[in-house]
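Listed below are the residues making up each chain.
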Amino acid sequence: MKNKKTVIGIIVVIILGIGLYFFNSEKFYTAADVLEAVDFSVEEQSVELTKIVIEVDDGKLVPIELTDTTQKKLIKAFEKSKFKKDESLSSDNDYYMKITLNRGYFMYMDITGKSIAVKDNSGGSYEEYLFEDDKGFFSILEELVTE
């Protein structure tokens, strides 16, 4: 009888430990979580990328030409990426990107910090995310900006 209580006690402690681990672990987000009501299956998809040059007086926006193939690669990599929330509100965003799928999704990006600030559709504020697994998204961007 005492042996049975010990085994049950150990099982309860293990279950509680696993529960606490999952409760305290960081939550990861998918692209569908980051982009509100997104539909990656639409036929007409596009990406617009703009470099923000702050060194110039009053700033300057420089559009970056993207081929259709590059746009599709960026969208596919973004769709498969994993994110985690970032509360640091970085101001080191050096690129502005618009992904058009079922609607336009606007975001600022910090390529070196691998983070994005996505515009919240409800009120105009931005949600900050770090890429936990970018599936090659930033490799594609870095190739573009170093050419």
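Below or above, wherever it landed, is the structure these notes cover. (Residues numbered from 1 in each chain as written. Predicted model: local features only at pLDDT ≥ 70, side-chain atom pairs only at ≥ 80, totals over all residues. Heavy atoms only, no water.)

**Focus on the nonpolar core**
For step 1, the next point in the chain: Core analysis: the largest hydrophobic core is formed by 31 residues, its most contacted members being Phe78, Ile116 and Phe137.
For step 2, the next point in the chain: When residues of this core are traced back to their parent elements, those giving at least two are α2 (31-34), β2 (46-53), α3 (68-80), β5 (95-100), β6 (104-110), β7 (115-119), β8 (126-133) and α4 (137-146).
For step 3, the next point in the chain: With five residues, α4 is the single largest residue contributor to this core.
For step 4, the next point in the chain: With residues near it in sequence (within four places) discarded, Ile116 still touches Val34, Phe78, Phe83, Met107, Tyr108, Met109, Glu127, Glu128, Tyr129 and Phe131. (Core = buried A, V, L, I, M, F, W, Y, C linked by side-chain atoms within 4.5 Å. Buried < 20%, exposed > 50% of the residue type's maximum accessible area, 1.4 Å probe, protein only. Helix = DSSP H or I, 4+ residues; strand = E, 2+ residues; numbered from the N terminus. Contact = heavy atoms within 4.5 Å.)

**Here's the deal with the pattern of salt bridges**
For step 1, the next point in the chain: Taken as a whole, this structure holds six salt bridges when the rule is applied.
For step 2, the next point in the chain: Here Lys76 and Glu79 are joined by a salt bridge, their closest N and O atoms 3.8 Å apart. Of this pair, Lys76 and Glu79 both sit in helix α3, separated by three residues, roughly a single helical turn. (Salt bridge = Lys/Arg side-chain N within 4 Å of Asp/Glu carboxyl O.)

**Digging into the side chain of Asp110**
For step 1, the next point in the chain: On the secondary structure map, Asp110 appears in strand β6.
For step 2, the next point in the chain: No salt bridge is formed by the buried Asp110; its nearest oppositely charged neighbour, Lys51, is found at 9.9 Å.
For step 3, the next point in the chain: A distance of 3.2 Å separates the side chain of Asp110 from the backbone nitrogen of Gly113, its partner in a polar contact. (Lys, Arg positive; Asp, Glu negative; His and termini not counted. Polar contact = N/O pair within 3.5 Å; in protein donor to acceptor, adjacent residues only side chain to side chain.)

**Brief notes about α3**
For step 1, the next point in the chain: Across its 13 residues, α3 extends 19 Å between first and last C-alpha, which sits within 8% of the 18 Å expected from 1.5 Å per residue.
For step 2, the next point in the chain: Buried residues of α3: Thr70, Gln71, Leu74, Ile75, Ala77 and Phe78, and no others. Buried residues along α3 cover an arc of 165 degrees about the axis, so they all sit on one side. Projecting away from the buried face of α3 at angles above 90 degrees are the exposed residues Asp68 and Thr69. (Expected span 1.5 Å × (residues − 1). Arc of directions from axis to C-beta.)

**Regarding the pairing of β7**
For step 1, the next point in the chain: Burial of β7 is extensive: four of the five residues sit out of reach of the surface.
For step 2, the next point in the chain: When β6 meets β7, the two strands line up antiparallel, connected through four bridges. Counterpart to Met107 in the pairing with β7 is Val118.
For step 3, the next point in the chain: Where β6 folds back onto β7 in an antiparallel hairpin, the turn is made up of four residues, including Lys114, whose phi is positive at roughly 50 degrees.
For step 4, the next point in the chain: Pairing of β7 with β8, which is carried by five bridges, proceeds in the antiparallel orientation. The residue bridging Ile116 from the neighbouring strand is Tyr129, located in β8. (Pairing = 2+ DSSP bridges.)

**Here we look at the sheet that holds β5**
For step 1, the next point in the chain: With antiparallel pairing, eight strands are arranged side by side in an open sheet as β1-β4-β8-β7-β6-β5-β2-β3. Every other strand in the sheet has two partners, leaving β1 (28-30) and β3 (60-64) as the edge strands with one partner each. Across this sheet, the average inter-strand angle for adjacent strands is 35 degrees, counted without regard to direction.
For step 2, the next point in the chain: Of the strands in this sheet, β2, β4 (82-85), β5, β6, β7 and β8 are in contact with α3, which crosses β2 at around 90 degrees.
For step 3, the next point in the chain: Where α4 meets the sheet, its contacts fall on β2, β3, β5, β6, β7 and β8, and the angle it forms with β6 comes to roughly 75 degrees. (Axes fitted to C-alpha atoms, helices over the stretch in contact; angles between N-to-C directions.)

**Looking at unusual backbone geometry**
For step 1, the next point in the chain: Phi at Ala37 takes a positive value of approximately 55 degrees, unusual for a residue other than glycine.
For step 2, the next point in the chain: Within the secondary structure, Ala37 sits in the loop between α2 and β2.
For step 3, the next point in the chain: The exposure class of Ala37 is exposed, given its relative accessible area of 53%.
For step 4, the next point in the chain: At Lys135, a residue that is not glycine, the phi angle is positive and equals roughly 50 degrees.

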